[in-house]
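As a plain string of letters, each chain reads:
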Amino acid sequence: MRHRTPGAIGIVAAAALLLTSCAVQTAPSAPSGGSTTASATLASVPGFDLSDGVIHVGEMTALSGPIAPSANEQVAGQQAYYDIVNAKGGIAGKYPVKVITADNQYNPQLAVQEYQRIKDQVVMLSGILGDASTEALLPILTQNRAVALPSTQSSRFTAQENLGMTFTSYQSNVWNALSYLFEKGRISKSSTVCSMVQADQSGQARQDALEHAGKELGFTVGPKTEFAPTDTAFTAQIQTLKTAKCDLVVFGGANGNVPNVVAASTQLDFTPIWETEFFSIAQSFKDTDIATYLKDNFVITGLAGDLDDTSIEGIKLLTDKLGKTPTMQNVYGFMQAITATTILEKAVELGDLSGSGLMKAMDGLGKIEYLGLNGDMTYGPVAKRLQPDTSSIFSYDPAAPGSLKALTAQYVAPKGRGPGF
């Protein structure tokens, strides 16, 4: 078993970089940071007026609708990190960051409308919530040579020059979780492992990881069942999974699906291990009838470790800034802002905050570290980029912060990263 433990944050050779105490980028050559020479070459671009020096970034998320509470926590996490940046003068110590929000309501058509509304007000999008919204915006971003950071883990976006990734892929999260459970004896070669995933590319990503794990670990891969994000009835899927005697189900859904999934499972007396990701869990579940089922049956992948563990540098910074224990969604947004800040720092160093300049900046970066919140994201030329390969793994515990109790932090499958993960 391999674990990634948070190491000391490396010091970039050019001490002029703003946030050596918060996020480190290891570039192919030692960067000059926000030097006077590089800054003097900056020109005004959409989202940045040299006369006031404010860099505007856009956050495209579901500010309204059923997933608004968790989406707004992401916004708060981003803002917390930008507040730290701005307290030190801003990007390169002199260009403050201001966030302009846009409400896609988790709807790709609205995402396109909202992007058209704000595109000339921002230098980049520091978040796009949802695979479908990212897919809808990608052709426009490509045409406009604009840059965005998807709020998603889909590895298919890693090779897109207009997109900057931050998080461990869906595939790696499934692979790591199944490897951990196999190592701990909770599944074995005699197990049947099935899936219940959305009928889209994110669902297929999880299925790909499940099939890879089946080959590597030797268990039987059972039925794949699918659903739409807005579905509320799951009896047919649960009956299929029960009939197949599934010992574990890889679940790819949001927290809005979970109560009905648990209701159908309880009705049919179906109690496998459910493997899922943190955004399937709402804090409000701890006060409902489904909490006991979740505690007995759910294993969850996420970031960092215990959310009140301030020995993790990123958790301490975020806790201090928010004045309370953060949620996992706060951590998610905080990490995205680290990525955006590092890209903007490099772009200022290169003297170009245009979309083309930001893409050149991403090509010129090495690894971005996340203060112990996750493994490194590898940038550089787009063909060489790699998402982190670590997953923190949790049980459901209503008494724990965010109802998540860390079983292991920064875990990597002993057999390493899977193909294309």
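Residues numbered from 1 in each chain as written. Predicted model: local features only at pLDDT ≥ 70, side-chain atom pairs only at ≥ 80, totals over all residues. Heavy atoms only, no water.

Some remarks on the overall build of the chain
Formally: Think of it this way: any DSSP run of H or I at least four residues long counts as a helix, any run of E at least two long counts as a strand, and we number them from the N terminus. To get the radius of gyration, use the C-alpha atoms; to get the globule rule, take the number of residues to the power 0.38 and multiply by 2.2 Å. Note on contacts: a residue pair qualifies if any of its non-hydrogen atoms lie within 4.5 Å across the two residues. Using the Shrake-Rupley algorithm and a 1.4 Å probe, accessible areas are obtained, with residue cover drawn only from the displayed protein chains.
In terms of regular secondary structure, the chain is built from 12 helices and 15 strands. Here the C-alpha atoms of the chain give a radius of gyration of 21 Å, agreeing with the 22 Å that 2.2 N^0.38 yields for 421 residues. C-alpha extents for the chain along the principal axes are approximately 65 × 45 × 40 Å. If you take every contact in the chain between residues at least 6 apart in sequence, the share linking residues at least 24 apart comes to 70%. Surface summary for the chain: the accessible area is close to 15,500 Å², and the carbon and sulfur share equals 51%.

With respect to the nonpolar core
Generally speaking, soluble globular proteins have nonpolar side chains that are buried together. For clarity, the threshold we go by: We call a set of buried Ala, Val, Leu, Ile, Met, Phe, Trp, Tyr and Cys residues a nonpolar core when their side-chain atoms join them within 4.5 Å. Relative accessible area decides the class of each residue, using a 1.4 Å probe on protein chains only: under 20% of the type maximum gives buried, over 50% gives exposed, and in between gives partly exposed.
Counting 97 residues, the largest nonpolar core has M196, I238, W274 and L353 as its most contacted members. Broken down by element, this core gets its largest block of residues, 12 residues, from helix α11 (residues 328–350). Ignoring sequence-local partners within four residues, the contact set of L353 consists of L42, V45, F48, I55, V123, L344, A347, V348 and L358. The next biggest cluster of nonpolar side chains, apart from the first, holds 20 residues, and it includes Y180, A209, L217 and F421.

Notes on the packing of aromatic side chains
Quick reminder of the rule: Any Phe, Tyr or Trp ring, taking Trp's six-membered ring, that has another such ring centre within 6.5 Å forms a pair; planes under 30 degrees apart are called stacked, those over 60 apart edge-to-face, and the others tilted.
Enumeration over the complete set of coordinates arrives at 12 aromatic pairs. Judged by centre distance (5.5 Å) and plane angle (85 degrees), the ring pair of Y180 and Y411 falls under edge-to-face. Taken together, the residues Y180 in helix α5 (residues 170–183) and Y411 in strand β15 (residues 404–412) connect sequence positions 231 residues apart. For the residue pair Y180 and Y411, the accessibility class agrees, reading buried in each case. Taken together, a centroid distance of 5.8 Å and an interplanar angle of 15 degrees make the contact between F227 and F251 stacked. Taken together, the positions of F227 in strand β8 (residues 220–227) and F251 in strand β9 (residues 248–252) put the pair 24 residues apart, joining distant regions of the chain. Given the relative accessible area of 3%, F227 is considered buried. For F251, a relative accessible area of 2% puts it in the buried group. Taken together through their ring pairs, the aromatic side chains of F227, F234, F251, F270, W274, Y293 and F298 make up a single cluster.

Structural notes on the side chain of N330
Take N330: it is sitting in helix α11. Setting aside chain neighbours within four positions, we find N330 in contact with E73, A76, G77, L318 and L322.

Focus: the state of the cysteines
Inclusion rule: Criterion for a disulfide: a pair of cysteine sulfur atoms at a distance within 2.5 Å.
This model, assessed by the stated rule, comprises 1 disulfide. Each disulfide pairs two cysteine sulfurs, and for C194 the partner residue is C246, the sulfurs being separated by 1.9 Å. Its S-S torsion of about -90 degrees marks the bond between C194 and C246 as left-handed, since a negative value means left-handed. Taken together, the residues C194 in strand β7 (residues 192–198) and C246 in the loop between α7 (235–243) and β9 connect sequence positions 52 residues apart. In this structure C246 comes out as buried when scored by relative accessible area, which is 6%.

Some remarks on unusual backbone geometry
Phi at R145 takes a positive value of approximately 50 degrees, unusual for a residue other than glycine. Of note, R145 is situated in the loop between α4 (131–144) and β6 (148–151). A positive phi angle, near 60 degrees, is found at A304, a position not held by glycine. Tracing the backbone through its elements, the reader meets A304 in the loop between β11 (298–302) and α10 (313–322).

So, the packing of helix α2 (residues 68–87) against α11
The cut-off we apply is this: For helices, the axis comes from a line fit to the C-alpha atoms of the stretch in contact; other axes are also lines fit to C-alpha atoms, and the angle between any two N-to-C directions lies between 0 and 180 degrees. Here roughly perpendicular refers to angles of 65 to 115 degrees, roughly parallel to angles under 35, roughly antiparallel to angles over 145, and oblique to all remaining angles. Here is the rule for handedness: rotate from the far helix to the near one, and if that takes an anticlockwise turn smaller than a right angle the crossing is left-handed, while a clockwise turn gives right-handed. Only Asp, Glu, Lys and Arg are considered charged in this grouping, and only Ala, Val, Leu, Ile, Met, Phe, Trp, Tyr, Cys and Pro are considered nonpolar; every other residue, Gly among them, is considered polar.
For the pair α2 and α11, the least separation of the axes is 6 Å and the interaxial angle reads 45 degrees. Overall, the two elements α2 and α11 adopt an arrangement that is oblique. As α2 runs across α11, the sense of the crossing is right-handed. Between α2 and α11, the residues in contact are S70, E73, Q74, A76, G77, Q78, A80, Y81, Y82, I84 and V85 and Q329, N330, Y332, G333, F334, Q336, A337, I338, A340 and T341, respectively. Here the contact of α2 with α11 is composed, by residue class, of 11 nonpolar, 9 polar and 1 charged.

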